[in-house]
Amino acid sequence: MSSSAGSHKPADPPAAQKQRERPWIMRTYAGHSTAAKSNELYRTNLQKGQTGLSVAFDLPTQTGYDPDHLLSRGEVGKVGVPVSHIGDMRALFAGLPLDQMNTSMTINATAPWLLALYIAVAEEQGVDKKLLQGTTQNDLVKEYLSRGTYIFPPAASLKLTADIIAYTVNEVPKWNPTNVCSYHLQEAGATPVQELAYALSTAIAVLDALKTGGQVPAAEIPKVVGRISFFVNAGIRFIEETCKMRAFTALWDRITKERYGVQDETLRRFRYGVQVNSLGLTEPQPENNILRIVLEMLGVTLSKDARARALQLPAWNEALGLPRPWDQQWSLRAQQILAFESDLLEYEDIFEGSVVIEAQVRKMVDAAYREIQDIEARGGVIEAVESGYLKQRLVESNAARIRAIESGQQVVVGVNKYTETAECPLTKDLDGAILTVDPEAEQAAIAAIKKWRAGRDDAAARAALAKLRAAVEQGKNIMPPSIEAAKAGVTTGEWAAALRDVIGEYRAPTGVSGARLDQGGAAVSGKETVEALRARIAGLAKTLGRRPKMLVGKPGLDGHSNGAEQIALKARDVGFEVVYEGIRVTPEQIVASAIEEGVHVIGISILSGSHMELVPQIVEQLRQKGLGHVPVVVGGIIPESDARALEAKGVARVYTPKDFLLNNIMSDLVELVAKSAGAHAAA
């Protein structure tokens, strides 16, 4: 077979020779124990090819407490790195040139303070702050709805968000001053439409505050729009998530053009980063999680017209505990294989013109826009938070999601279907499959903060705090006095206390009191039906002389309240009288409430890893108050060895993510109350 040279058509160039776009910023969300150990971890991850940093701060840092505060007990260094002052920030970024870093800081209520510390350290390095690149999350609305690390009232928090934006738009022009975060909304139960609507309504509230607050001239609003970014969740429903991201881009373009008059389409571009879904990670058969993570990653990278700008992946074993460096490396390698081995980055948008995709996107856009208009009619997102409307909607959506899993309508492989399994070598040594934080880290942090206060120029710190308070009282921008306070050696707890003194604290609605369970759909599986449980509780009420009462408590600073809310909602549905006061309570407050309310069972929810410190305190204090007979049950991310230790200390039951059938938990609670009442009566 032959052909003439003139008619021969050259072959397509190999894929490796095609033009490839620059891949997204690759990150892992990291930080633990101490600033020095976290710095070591960052250096290791950067050497492995990570292209940006994503800093996880511990809960005291996020909620404005120093390590020696009462509420910091058991929380220091657990879910992130403690940063108490400029010395910690120096250690965190030692040897890392900040003019070359792209640093994402997951920080909200204390965002002005952590950014001030970052700027102060950059200036110590001789770096012009105009060169700094990165992001402060700085989205308080989602904290009231899902994650719980808020401090101040919504309106005051919105002012602090506006302060950062107004300061950075010119002073730190490459910085993303707010990162509207729908990630945790999905984890709190939001449907795709709710995720779209609530996040965009938050962005509208921020931009409206800037327009009316006078800190940013009207002509600069387009520049502000161009610096706002989003942080989004990517779930397992690949088509739905792809369409959600395309809907986000369409809605943001529409809102910024029509509402704010932004004509430059590059400034209207929807800029977002992603952490793929941690809620869907399973404790049973956790090796399946890496497959889920990869599929969720595809949902936000395949569509070029709606591709993530930055991507961070959880580790396969996060449902078991804190990931090790190897686990983080595996997640990073998944990104690198997709970006550099596949041909993903060599083509234009592969979904353009798809009848299925475009129809689904239109459907989401229309539904989300109606929801946005409804929120506007209620007075905007701040009013919808304060009234409890948005929180109640999320509690109900999450209850529907859990019911679908319980009933088998939503299949979760290894959890409610295909549960048979061979032994997994990755989890053969469960205690070695996760990273544990040195229990001495908290005591070391307490000693260090005391040493810091003793060694600084206390007069300079007091003077800086006085200027800070004056700025808050006068409604001035918080950033300049915060930077001055950072340089003067002020601590995180002192900065937050100064603001608390002026603008106060806030307790958000729990969403539980008005929420209702949807009892439709397929029957929920478990030991007993709801009807049977209600009958048992009615019989128990006759024995007790009143309805059995349950106290649901969240000690410490862990604000992830989704599980506690669902337990409270379910317990109320089957007939318990429920006392639930929300997040951030001390063991002493829980015991006092148990005495005052005369409860029959106490449920403790902790996801931050502080269970071994806080739960035994509750059990011991109950014994001291003569309530040792009241059963205490605990739920959270709790390793098996810790569960056994808690039971040895008197905890009646320990529940982890594998215990997803709420009817079974309720059946256990009824049994525990009956046994406790019988034993107490006999005594």
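Residues numbered from 1 in each chain as written. Predicted model: local features only at pLDDT ≥ 70, side-chain atom pairs only at ≥ 80, totals over all residues. Heavy atoms only, no water.

Overview of the overall build of the protein chain
Using the following cut-off: Helix and strand definitions here come from DSSP, where helices need a minimum of 4 consecutive H or I residues and strands a minimum of 2 consecutive E residues; each element is numbered from the N-terminal end. To get the radius of gyration, use the C-alpha atoms; to get the globule rule, take the number of residues to the power 0.38 and multiply by 2.2 Å. Partly exposed describes any residue whose relative accessible area lies between the buried limit of under 20% and the exposed limit of over 50%, with all areas from a 1.4 Å probe on protein chains only and scaled to the type maximum. Working rule for contacts: check all heavy atoms of both residues, and any pair within 4.5 Å makes them a contact. In these tables, accessible area is a Shrake-Rupley quantity obtained with a 1.4 Å probe, and a residue counts as shielded only by the protein chains included in the view. Positive residues here are Lys and Arg, negative ones are Asp and Glu, while His and the chain termini are left out of the count. For this purpose, a charge sits on NZ of Lys, CZ of Arg, CG of Asp or CD of Glu.
Secondary structure assignment for the protein chain yields 25 helices and 15 strands. In terms of C-alpha radius of gyration, the protein chain reaches 26 Å, essentially the compact-globule figure of 26 Å for 683 residues. Out of the 683 residues belonging to the protein chain, those deemed buried represent 58%. A separation threshold of at least 6 residues defines the contact pool for the protein chain, and within that pool the share at least 24 residues apart is 80%. As displayed, the protein chain has an accessible area near 27,000 Å², and 53% of this comes from carbon and sulfur atoms. Charged side chains in the protein chain number 75 positive and 80 negative. The centres of these two groups are separated by 1 Å.

A few points about the domain arrangement of the protein chain
Rules: Segment limits for the domains were obtained from an automatic or database-derived domain assignment. Note on terms: buried area is the combined drop in 1.4 Å-probe accessible area of two parts once they are placed together, counting the loss on both. Salt-bridge detection follows one rule: a side-chain nitrogen of Lys or Arg within 4 Å of a carboxyl oxygen of Asp or Glu. Counted as a polar contact is a pair of N or O atoms within 3.5 Å, where, for protein atoms, one must be capable of donating a hydrogen and the other of accepting one, and residues adjacent in sequence contribute only when both atoms are in side chains.
Each domain of the protein chain was delimited in the assignment, giving domain 1 (23-418) and domain 2 (530-682). Listed as interface residues are 36 residues of domain 1 and, on the opposing side, 31 residues of domain 2. With both chains or domains summed, domain 1 and domain 2 bury close to 2,600 Å², and 56% of this area falls on carbon and sulfur atoms. Scanning the region where domain 1 abuts domain 2 turns up three salt bridges. The residue Lys78 makes a salt bridge to Glu613 at a minimum N-O spacing of 3.0 Å. Where domain 1 touches domain 2, the interface holds 14 residue pairs in polar contact (both at pLDDT 80 or more). Contributing elements (two or more residues each) for the side of domain 1 that touches domain 2: α2 (59-63), α5 (141-147), α7 (183-187) and α15 (389-407). For the side of domain 1 that touches domain 2, the element with the highest residue contribution is α15, accounting for seven residues.

Some thoughts on the sheet that holds strand β4 (residues 102-106)
Here is the rule we go by: The rule for pairing is simple: two strands pair if DSSP sees at least two bridges between them. Axes, fitted as lines to C-alpha atoms, cover a helix only where it is in contact. Angles between the N-to-C directions of the axes lie from 0 to 180 degrees.
Taking strand neighbours across the sheet as the criterion, the five strands line up as β2-β3-β4-β5-β6 in an open arrangement whose pairing is parallel. Edge positions in the sheet fall to β2 (29-30) and β6 (175-176), since each of these pairs with one other strand and no more. Relative to strand β3 (residues 53-56), β2 runs parallel, the two being bridged by two bridges. Paired with Tyr29 across the two strands is Ser54, which belongs to β3. Across the sheet, helix α1 (residues 35-47) is in contact with β2 and β3; its angle to β3 comes to roughly 155 degrees. Running over the sheet, helix α4 (residues 111-124) touches β4, β5 (133-136) and β6 and is turned about 150 degrees from β4.

Description of the pairing of strand β9 (residues 272-276)
Filter applied, for reference: When the strands point away from the viewer, a crossover counts as right-handed if the route from the first strand across the helix to the second turns clockwise.
Summarising burial for β9: five of the five residues are buried, a large majority. Side chains Tyr272, Val274 and Val276 project from β9 onto one buried face, and the interleaved Gly273 and Gln275 project onto a second face that is buried too. In this structure, strand β8 (residues 229-234) lies alongside β9, joined through five bridges in parallel fashion. Opposite Val232, over in β9, you have Val274 as the bridge partner. As defined by bridge partners, β9 adjoins strand β10 (residues 310-312) across three bridges and the pair is classed as parallel. Its bridge partner lying in β10, Val274 is registered against Leu311. Traced from β9 through helix α11 (residues 289-298) to β10, the parallel crossover comes out right-handed.

Re helix α19 (residues 492-503)
Applied cut-off: To estimate how far a helix should extend, the number of its residues minus one is multiplied by 1.5 Å.
Relative to the 16 Å expected for 12 residues at 1.5 Å per residue, α19 spans 17 Å between its end C-alpha atoms, a close match to the ideal helical length. Looking only at α19, the buried set comprises Thr492, Gly493, Glu494, Trp495, Ala496, Ala498, Leu499 and Arg500. In this structure, the buried side of α19 is in contact with α2, α4, α6 (154-171), α16 (440-455), α17 (458-473) and α18 (479-487). Gly504 sits one or two residues past α19 and shows a positive phi near 80 degrees.

Section: the sheet that holds strand β15 (residues 653-655)
Taken in spatial order, the five strands of this open sheet run β12-β11-β13-β14-β15, and their pairing is parallel. The sheet is open, and its two borders are formed by β12 (577-580) and β15, each paired with just one other strand. Averaged over all pairs of adjacent strands, the angle between their axes in this sheet comes to 20 degrees, without regard to strand direction. Across the face of the sheet, helix α23 (residues 611-624) comes into contact with β13 (601-606) and β14 (632-636) while running at roughly 165 degrees to β13.

Some details on the nonpolar core
As a reminder, the rule being used: Residues grouped as a nonpolar core are buried Ala, Val, Leu, Ile, Met, Phe, Trp, Tyr and Cys residues, joined through side-chain atoms within 4.5 Å.
Counting residues in hydrophobic clusters, the biggest one holds 164 residues, and the most contacted among them are Phe230 and Phe576. Top contributing element to this core by residue count: helix α8 (residues 192-213), with 12 residues. Looking at which domains feed residues into this core, each of domain 1 (23-418) and domain 2 (530-682) gives three or more. Membership of the second largest hydrophobic core comes to 24 residues, among which are Leu551, Val579, Ile618 and Val634.

Some words on helix α13 (residues 355-377)
Taking 1.5 Å as the rise per residue, α13 with 23 residues should run 33 Å; its terminal C-alpha atoms sit 33 Å apart, in good agreement. Buried within α13 are the following residues: Ile357, Val361, Met364, Val365, Ala367, Ala368, Glu371, Ile372 and Ile375. Buried-residue contacts for α13 involve α8, α10 (238-258), α14 (381-386) and α15. Within two residues after α13, Gly379 carries a phi angle of roughly 105 degrees, on the positive side.

Let's talk about the packing of aromatic side chains
How we decide: Within 6.5 Å between ring centres, the rings of Phe, Tyr and Trp (the latter by its six-membered ring) count as paired, and their orientation is classed by plane angle as stacked under 30 degrees, edge-to-face over 60, tilted in between. By definition here, charges over rings are those cases where NZ of Lys or CZ of Arg is within 6 Å of the ring centre and within 35 degrees of the ring normal.
Inspection of the entire model under this criterion finds 14 aromatic pairs. Measuring from ring centre to ring centre gives 4.6 Å for Phe230 and Phe270, while their planes differ by 35 degrees; the resulting arrangement is tilted. With Phe230 in strand β8 and Phe270 in the loop between α10 and β9, the pair connects residues that are 40 residues apart, well separated along the chain. Given the relative accessible area of 6%, Phe270 is considered buried. Taking 5.4 Å as the distance between ring centres and 35 degrees as the angle between the ring planes, the aromatic pair formed by Phe270 and Tyr272 counts as tilted. Side by side, Phe270 and Tyr272 carry an identical accessibility label, which is buried. An aromatic cluster is defined as three or more aromatic residues linked by ring pairs; in this entry it consists of Phe230, Phe248, Trp252, Phe270 and Tyr272. A cation over a ring is seen here: Arg254 above Tyr369, with NZ or CZ 3.7 Å from the ring centre. Positioned above the aromatic ring of Tyr65, the side-chain terminus of Arg500 is 4.4 Å from the ring centre.

Let's talk about the pattern of salt bridges
Going through the model one piece at a time under the given rule, you end up with 41 salt bridges. Glu258 is paired through a salt bridge with Arg254; the nearest N and O atoms lie 3.7 Å apart. In this pair, Glu258 and Arg254 are both assigned in helix α10, four residues apart and thus about one turn of the helix distant. The exposure class assigned to Arg254 is partly exposed, which follows from its relative accessible area of 31%.

Points about the packing of α4 against α18
Our working rule: If an angle is under 35 degrees, it is roughly parallel; if it is over 145, roughly antiparallel; if it lies from 65 to 115, roughly perpendicular; otherwise it is oblique. When the near helix sits turned anticlockwise from the far one by under a right angle, the crossing is termed left-handed; a clockwise turn instead gives a right-handed crossing. Note on residue classes: Ala, Val, Leu, Ile, Met, Phe, Trp, Tyr, Cys and Pro are nonpolar, Asp, Glu, Lys and Arg are charged, and everything else, Gly too, is polar.
Axis separation between α4 and α18 bottoms out at 8 Å; the angle between their running directions is 60 degrees. Considered as vectors, α4 and α18 are oriented oblique to each other. Crossing of α4 against α18: the hand is right-handed. Facing Pro112, Trp113, Leu115, Ala116, Leu117, Ile119, Ala120 and Glu123 of α4, the residues of α18 in contact are Met479, Ser482, Ile483, Ala485, Ala486 and Lys487. Of the residues assigned to the contact of α4 with α18, the class counts are 11 nonpolar, one polar and two charged.

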